[in-house]
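Coordinate inspection notes
The primary structure of each chain is shown beneath.
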Amino acid sequence: MVSLATVLAIVIACWYYVGLFDAERLGEGIPSLASLVGEMFPPNFSQAGSWVKPLLDTLAMSVAGTAVAVLLSLPLAVLAARNTTPHPLVYQCARGLLNGLRSIPELIMGIVFVAAVGFGALPGVLALGLHSVGMVGKFFAEAIEHADRAPVEAARAAGCSPLQVIFHGILPQVLPQMADTAIYRWEYNFRASTVMGMVGAGGIGFELMGSLRIMQYTDVSAILIVILVMVSLVDALSAFLRRTFK
């Protein structure tokens, strides 16, 4: 019954609300799409030299944003985990903060921070970092909650303080999971940082938006290819790091 209701909800959403099954409308868009794709070839790499710094800015933005997220998520995760929070009210406040940060899209945060601190990579780092705290902190808290109780009880029996219990009884168990979460988030943040440039937060996305505005579609396709190569390299590096931490 639940499966049938789920399928019915999906069909209603796709057909009635978003028009995914509107064959006539989709058919009308095919010529325009084909024309646009035709204008994007051949890719123009003549400006590739000027994209090196924006690419490095994008990479730095993703690394810094992830670092900010991990640093802020660790204490919040301790407060948002049932087995380490000092009080139920603190638990609810920490969970509410994580939910709030997760509910605001990074693009909205990027627009806000661009207005606050100006153009460049800094607003992108702040937006990616704060938005990432919502997800990273939640996963960190859940990892802490699922930690084995035996080392925790042993640390308490040895007379350790609550802080020592966390450092010696819980964190050694969950550090591999936390590292895996952080690496995965870095992958996501690199892809998100390319979009952040479209709202003025710097990076290769700013160059992409500039080419789109003046309808230089051959430059657009070249930048997209460069982004694809960089994403593939980041994914390969993250896979290597995950193997290293296991």
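The structure presented is a predicted model; accordingly, all values stated were derived computationally and were not measured. (Residues numbered from 1 in each chain as written. Predicted model: local features only at pLDDT ≥ 70, side-chain atom pairs only at ≥ 80, totals over all residues. Heavy atoms only, no water.)

**Let's talk about unusual backbone geometry**
Basically, it comes down to this: Here a helix means four or more residues in a row that DSSP labels H or I, a strand means two or more in a row labelled E, and each is numbered from the N terminus. Exposure categories follow from relative accessible area, calculated using a 1.4 Å probe and restricted to protein chains: below 20% of the type maximum is buried, above 50% is exposed, and the middle band is partly exposed.
Here Phe41 and Pro42 are connected by a cis peptide whose omega angle stands at 0°. A positive phi angle is found at Met215, which is not glycine, with a value near 60°. Looking at the element boundaries, Met215 is found in the loop between α9 (204–213) and α10 (217–245). You can call Met215 exposed: its relative accessible area is 56%.

**Quick notes on the UniProt feature "domain: ABC transmembrane type-1" (unreviewed entry) in the protein chain**
This is how it is decided: UniProt positions are given in the numbering used here, feature names are shortened, and annotations may be inferred rather than shown by experiment.
The positions UniProt marks with the feature "domain: ABC transmembrane type-1" (unreviewed entry) are residues 55–238. The span residues 55–238 carries 84% helix and 0% strand; its end-to-end C-alpha distance comes to 18 Å.

**Points about the packing of α9 against α10**
Filter applied, for reference: For helices, the fitted axis covers only the stretch in contact; all axes are lines through C-alpha atoms, and the angles between them, taken along N-to-C directions, range from 0 to 180 degrees. Working rule for angles: under 35 degrees goes down as roughly parallel, over 145 as roughly antiparallel, 65 to 115 as roughly perpendicular, anything else as oblique. Should the near helix be turned anticlockwise from the far one by less than a right angle, the crossing is left-handed, and should it be turned clockwise, the crossing is right-handed. Should any heavy atoms of two residues lie within 4.5 Å, those residues are considered in contact. Lys, Arg, Asp and Glu make up the charged group, whereas Ala, Val, Leu, Ile, Met, Phe, Trp, Tyr, Cys and Pro make up the nonpolar group; the residues left over, Gly among them, are polar.
Remark: α9 packs on α10, axes separated minimally by 8 Å, with the N-to-C direction vectors making an angle of 160°. If you check the angle between α9 and α10, you find them roughly antiparallel. As for how α9 packs across α10, the hand of that crossing is left-handed. The segment α9 lies against α10, with Ile204, Glu207, Leu208, Ser211 and Leu212 engaging Tyr217, Asp219, Val220, Ile223, Leu224 and Ile227. Broken down by class, the residue content of the contact of α9 with α10 amounts to eight nonpolar, one polar and two charged.

**Regarding the nonpolar core**
Rules: Residue types Ala, Val, Leu, Ile, Met, Phe, Trp, Tyr and Cys, when buried and joined through side-chain atoms within 4.5 Å, form a set referred to as a nonpolar core.
In this structure, Val133, Ile144, Ile170, Val174, Met178 and Met196 are the most contacted members of the largest nonpolar core, which totals 34 residues. When residues of this core are traced back to their parent elements, those giving at least two are α3 (52–80), α4 (88–103), α5 (106–117), α6 (121–145), α7 (149–157) and α8 (162–196). The leading source of residues in this core is α6, at ten residues. Aside from chain neighbours lying at most four places away, what touches Met178 is Leu74, Phe140, Ile144 and Leu171. In this structure, Met40, Val226, Ile227 and Val231 belong to the second largest nonpolar core, which totals 16 residues.

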